[in-house]
Amino acid sequence: RHGAGKAEDTSRTSPFHLDLWFYFTLQNWVLDFGRPIAMIILPLEWFPLNKPSAGDYFHMAYNVITPFLLLKLIERSPKTLPRSMVYVSIIMFVMGASIHLVGDSVNHRLIFSGYQHHLSVRENPIIKNLKPETLIDSFELLYYYDEYLGHSMWYIPFFLILFIYFTGCFTPVPEESRIPVAALLLLGPSSLYYWYLVTEGQIFILYIFTFFAMMALVMHQKRKGLVLDSNGLFLFSSFIITLLLIAAWVFWLWNDKILRKKYPGVIYIPEPWAFYTLHVNNLLPNKESF
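The rules behind each value
- Residues numbered from 1 in each chain as written.
- Predicted model: local features only at pLDDT ≥ 70, side-chain atom pairs only at ≥ 80, totals over all residues.
- Heavy atoms only, no water.
- Axes fitted to C-alpha atoms, helices over the stretch in contact; angles between N-to-C directions.
- Helix = DSSP H or I, 4+ residues; strand = E, 2+ residues; numbered from the N terminus.
- Parallel < 35°, antiparallel > 145°, perpendicular 65-115°, else oblique.
- Left-handed = near helix turned anticlockwise from the far one by under 90°.
- Contact = heavy atoms within 4.5 Å.
- Nonpolar A, V, L, I, M, F, W, Y, C, P; charged D, E, K, R; others polar.
- UniProt positions renumbered as here; feature names shortened; annotations may be inferred.
- Phe/Tyr/Trp six-rings, centres within 6.5 Å; stacked < 30°, edge-to-face > 60°.
- Buried < 20%, exposed > 50% of the residue type's maximum accessible area, 1.4 Å probe, protein only.
- Lys NZ or Arg CZ within 6 Å of the ring centre and 35° of its normal.
- Salt bridge = Lys/Arg side-chain N within 4 Å of Asp/Glu carboxyl O.
- Core = buried A, V, L, I, M, F, W, Y, C linked by side-chain atoms within 4.5 Å.
- Patch = residues over 30% accessible without salt bridge, like charges linked within 9 Å, V, L, I, M, F, W, Y side chains within 5 Å.
- Areas by Shrake-Rupley, 256 points an atom, 1.4 Å probe, with all protein chains shown as cover.
- pLDDT = per-residue confidence, 0-100.

### Describing the packing of helix α7 (residues 204–223) against helix α8 (residues 230–252)
- Look at α7 against α8: their axes get within 11 Å of each other, and the N-to-C directions meet at 135 degrees. One element, α7, and the other, α8, form an angle in the oblique class. Pair α7 / α8 crosses with left-handed handedness. For the pair formed by α7 and α8, the contact residues are Phe-204, Tyr-207, Ile-208, Thr-210, Phe-211, Met-214 and Met-215 on the first element and Leu-235, Phe-236, Phe-239, Ile-240, Thr-242, Leu-243 and Ile-246 on the second.
- Here the contact of α7 with α8 is built from residues that sort into 12 nonpolar, 2 polar and no charged.

### What about the side chain of His-17?
- When you line up the elements, His-17 lands in the segment before α1 (18–41).
- If we ignore the near neighbours within four places in the chain, the residues touching His-17 are Leu-73, Arg-76, Tyr-165 and Asn-231.

### Thoughts on the UniProt feature "transmembrane region" (unreviewed entry) in the protein chain
- The UniProt entry lists residues 20–42, 57–74, 86–103, 148–167, 179–197, 203–220 and 232–254 under the feature "transmembrane region" (unreviewed entry), expressed in the numbering used here.
- As a span, residues 20–42 carries 96% helix and 0% strand, and end to end its C-alpha atoms are 29 Å apart.
- For residues 232–254, the helix share is 91%, the strand share is 0%, and the end-to-end C-alpha distance is 33 Å.

### With respect to the packing of aromatic side chains
- Overall, the coordinates contain 32 aromatic pairs when judged by the stated rule.
- The interplanar angle of 55 degrees and the centroid separation of 6.1 Å between the aromatic rings of Tyr-193 and Tyr-194 together place this pair among those described as tilted.
- When its relative accessible area of 2% is taken as the criterion, Tyr-193 is described as buried.
- We note Arg-260 situated over the ring of Trp-254; from NZ or CZ to the ring centre the distance is 4.1 Å.

### Brief notes about the pattern of salt bridges
- Evaluation of the coordinates by the stated rule reveals 7 salt bridges.
- Here Arg-122 and Asp-137 are joined by a salt bridge, their closest N and O atoms 2.6 Å apart. In this pair, Arg-122 is assigned in the loop between α3 (83–109) and α4 (125–128) and Asp-137 in helix α5 (residues 134–166), connecting sequence segments 15 residues apart.
- Under the relative-accessibility criterion, Arg-122 is labelled partly exposed at 40%.

### A short note on the nonpolar core
- Counting 65 residues, the largest nonpolar core has Trp-21 and Phe-239 as the members making the most contacts within it.
- Secondary structure elements with two or more residues in this core: α1, α2 (54–75), α3, α5, α6 (181–201), α7, α8 and α10 (272–280).
- With residues up to four places along the chain from it excluded, the contact list for Trp-21 reads Phe-16, Leu-73, Tyr-165, Leu-186, Asn-231, Phe-234 and Leu-235.
- Within the second largest apolar cluster, 6 residues are counted, among which are Tyr-115, Val-121, Ile-127 and Ile-136.

### Structural notes on the environment of Ser-77
- Summarising the element assignment, Ser-77 is placed in the loop between α2 and α3.
- The sequence separation of Ser-77 and Ile-164 amounts to 87 residues, and the corresponding C-alpha distance is 9.7 Å.

### Remarks on a nonpolar patch on the surface
- There is a patch of nonpolar side chains on the surface, built from Phe-22, Tyr-23, Leu-26 and Val-30 and spanning about 360 Å² of accessible area.
- In this fold, Val-30 is placed in helix α1.

### Some details on the confidence of the model for the protein chain
- Put simply, the protein chain has an average pLDDT of 86, and 92% of its residues get 70 or more.
- A low-confidence stretch, residues 1–11 (pLDDT under 50), is modelled with 22 contacts involving residues beyond four sequence positions or located in other chains.
- Segment residues 285–290 is flagged for pLDDT under 50; beyond a separation of four residues in sequence, or across chains, it makes 8 contacts in the model.

Rendered as structure tokens:
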């Protein structure tokens with residue numbers, strides 16, 4: 001499908017990939033969003049703190065299934081896409097997601113010991129009293145691998161692959177620029193997941209640059225008489241709704257002084273799990289039974 005003989009042909013179009021987009025949405029919600037929830041809900045006796053949690057196994061499955069779905073999505077593009085860039089991106093994606101698996105596993109297990117995600121590493125009560133103090137540096141290194149290096153190597157290739165695929169989602173037939181009814185049912189869950197991805201991953205700059213690149217490409221292709229096909233329209237619409245959800249999230253928590261302290265930069269976008277440990281976790285009865 002990626003042979004040299006496959007010339008770029010904007011007259012070719014792809015039907016809406018309902019199966020792939022459904023699998024994407026399902027596994028994103030279950031294996032990514034659902035992994036910390038599974039870790040908290042399932043009895044601690046099943047997954048001791050010194051062993052991988054249920055969420056870790058979810059993460060392992062995500063690290064295998066997502067690259068496969070991304071490759072299948074690229075294969076269905078009607079346009080010849082750069083194979084080398086796709087393959088390198090997939091490799092980087094797997095490396096970043098695997099690094100994140102380790103760091104995120106330890107960080108989420110620390111919740112059971114009283115770790116509070118709305119505080120920095122050194123401000124956490126269970127961390128700042130560690131002896132010797134050099135242990136705090138080790139936890140900060142773990143946080144760096146989880147929240148910075150792991151996220152960068154995970155999300156940059158992920159959004160790059162989506163954008164590469166998006167470049168092939170144009171058609172000269174205006175009638176094909178519509179979202180099927182079945183796809184409308186996926187639009188909400190897909191957009192809500194991207195909201196979680198951007199806010200929890202703290203990747204708003206990466207997301208907004210990808211979105212602006214999509215907008216620029218749409219306007220450029222429009223001058224050539226091309227419009228988005230159903231797949232491109234679905235992806236672009238998901239990003240638009242995601243931006244609205246992020247704006248609503250920030251507006252809701254705009255005056256939260258504690259979260260403001262945790263996220264002091266110009267771009268203020270709190271993490272959902274920081275909100276959970278600050279405002280929800282303390283309200284739950286019998287927290288020790290989780």
